[in-house]
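Each chain is listed here by its residues.
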Amino acid sequence: MQTLNRMTLRFDSRSVNEAFARMTVAAFVAQLDPTLEELNDIKTVVSEAVTNAIVHGYRDRVGEIVVSARLLEGGYAEIKVRDHGCGIADVEQARQPLFTTGDAERSGMGFTIMESFSDKLRVRSAVGRGTTVTMLRQIMGRNGASA
């Protein structure tokens, strides 16, 4: 699919930056004239992926998170969230509902939520090198047809 537009954000893995990433990606994807539900789904996916990078990828240290988004022909939005943190030893296990490496406050539903709001979700990770989460979602738009 041909790229129609793209953007990249780089920021510190501080929890205050999660809202910044979520709102920036939502504003970028707004070019496709999404429904409110589609926009909320995009914001949720970005929020979950960035929060995972902050809480699990970098744990108790600050690192860099890179969020990139591309608008593709056919009304598709591709969003990538990448960190250079500790990585995930077993991606399949991490994608199981209720699995978490966090404390009791963590639900272990992050990847499940991201997958449910995506047409396609890919998670690539290497221990000691970081994780990249890529989400693809077709935006049908407010007129009911892809932008």
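Quick notes on the rules
- Residues numbered from 1 in each chain as written.
- Predicted model: local features only at pLDDT ≥ 70, side-chain atom pairs only at ≥ 80, totals over all residues.
- Heavy atoms only, no water.
- Helix = DSSP H or I, 4+ residues; strand = E, 2+ residues; numbered from the N terminus.
- Buried < 20%, exposed > 50% of the residue type's maximum accessible area, 1.4 Å probe, protein only.
- Phe/Tyr/Trp six-rings, centres within 6.5 Å; stacked < 30°, edge-to-face > 60°.
- Pairing = 2+ DSSP bridges.
- Axes fitted to C-alpha atoms, helices over the stretch in contact; angles between N-to-C directions.
- Contact = heavy atoms within 4.5 Å.

**Q** So what exactly am I meant to see when it comes to the overall build of the protein chain here?
**A** Of the regular secondary structure elements, the protein chain holds 4 helices and 5 strands. Starting at the N terminus, the α and β elements of the protein chain follow one another as β-α-α-β-β-α-α-β-β. When the 147 residues of the protein chain are sorted by exposure, 43% land in the buried category.

**Q** In this structure, what is going on with the packing of aromatic side chains? I would like to understand it.
**A** Taken as a whole and assessed by the stated rule, the structure comprises 1 aromatic pair. Ring plane angle 90 degrees and centroid distance 6.2 Å describe the contact between Phe-11 and Phe-20, whose orientation is recorded as edge-to-face. For Phe-11, a relative accessible area of 7% gives the class buried. Take Phe-20: its relative accessible area is 41%, and that puts it in the partly exposed class.

**Q** Please explain unusual backbone geometry as it appears in this structure.
**A** Among all residues except glycine, the phi angle is most often negative; among peptide bonds, the trans geometry is most common. Even without glycine at this site, Asp-33 takes up a positive phi of about 55 degrees. Its location among the elements puts Asp-33 in the loop between α1 (17-29) and α2 (36-57). Look at Asp-33 and you get partly exposed, because its relative accessible area is 28%. Even without being glycine, Arg-59 reaches a positive phi, approximately 50 degrees. Secondary-structure assignment places Arg-59 in the loop between α2 and β2 (64-72).

**Q** Could you clarify how one ought to interpret the sheet that holds β2 in this entry?
**A** Strand pairing in a sheet takes place through backbone hydrogen bonds and is either antiparallel or parallel in direction. Reading across the sheet, the 5 strands line up as β1-β2-β3-β5-β4 and stay open at both edges, with antiparallel pairing between neighbours. Unpaired on one side and paired on the other, β1 (3-12) and β4 (120-126) mark the two borders of the sheet. The sheet shows a mean angle of 10 degrees between the axes of neighbouring strands, taken without regard to direction. Here β1 pairs with β2 via 9 bridges, running antiparallel. Within β2, the residue paired with Thr-8 across the bridge is Ser-68. Along the sheet, α1 makes contact with β1, β2 and β3 (76-83), crossing β1 at roughly 170 degrees.

**Q** Before we go on, may I ask you to explain the environment of Asn-40 in this structure?
**A** By the secondary structure assignment, Asn-40 is in helix α2. Once the C-alpha coordinates of Asn-40 and Arg-22 are considered, the two residues, 18 residues apart in sequence, prove to be 9.7 Å apart.

**Q** Which parts of the structure should I look at to understand the pairing of β2?
**A** Side-chain direction in a regular strand flips from residue to residue, so the side chains alternate between the two faces of the sheet. Bridging between β2 and β3 involves 8 bridges; their strand directions are antiparallel. In the sheet register, Leu-71 faces β3, and the bridge partner there is Ala-77. The antiparallel hairpin formed by β2 and β3 contains 3 residues in its connecting segment, where Gly-74 sits at a positive phi of about 85 degrees.

**Q** Looking at this structure, how should I read the pairing of β4?
**A** Relative to strand β5 (residues 130-138), β4 runs antiparallel, the two sharing 7 bridges. Its bridge partner lying in β5, Lys-120 is registered against Leu-136. Hairpin remark: β4 followed by β5, antiparallel, with 3 residues in the connecting loop; positive phi at Gly-128, about 80 degrees.

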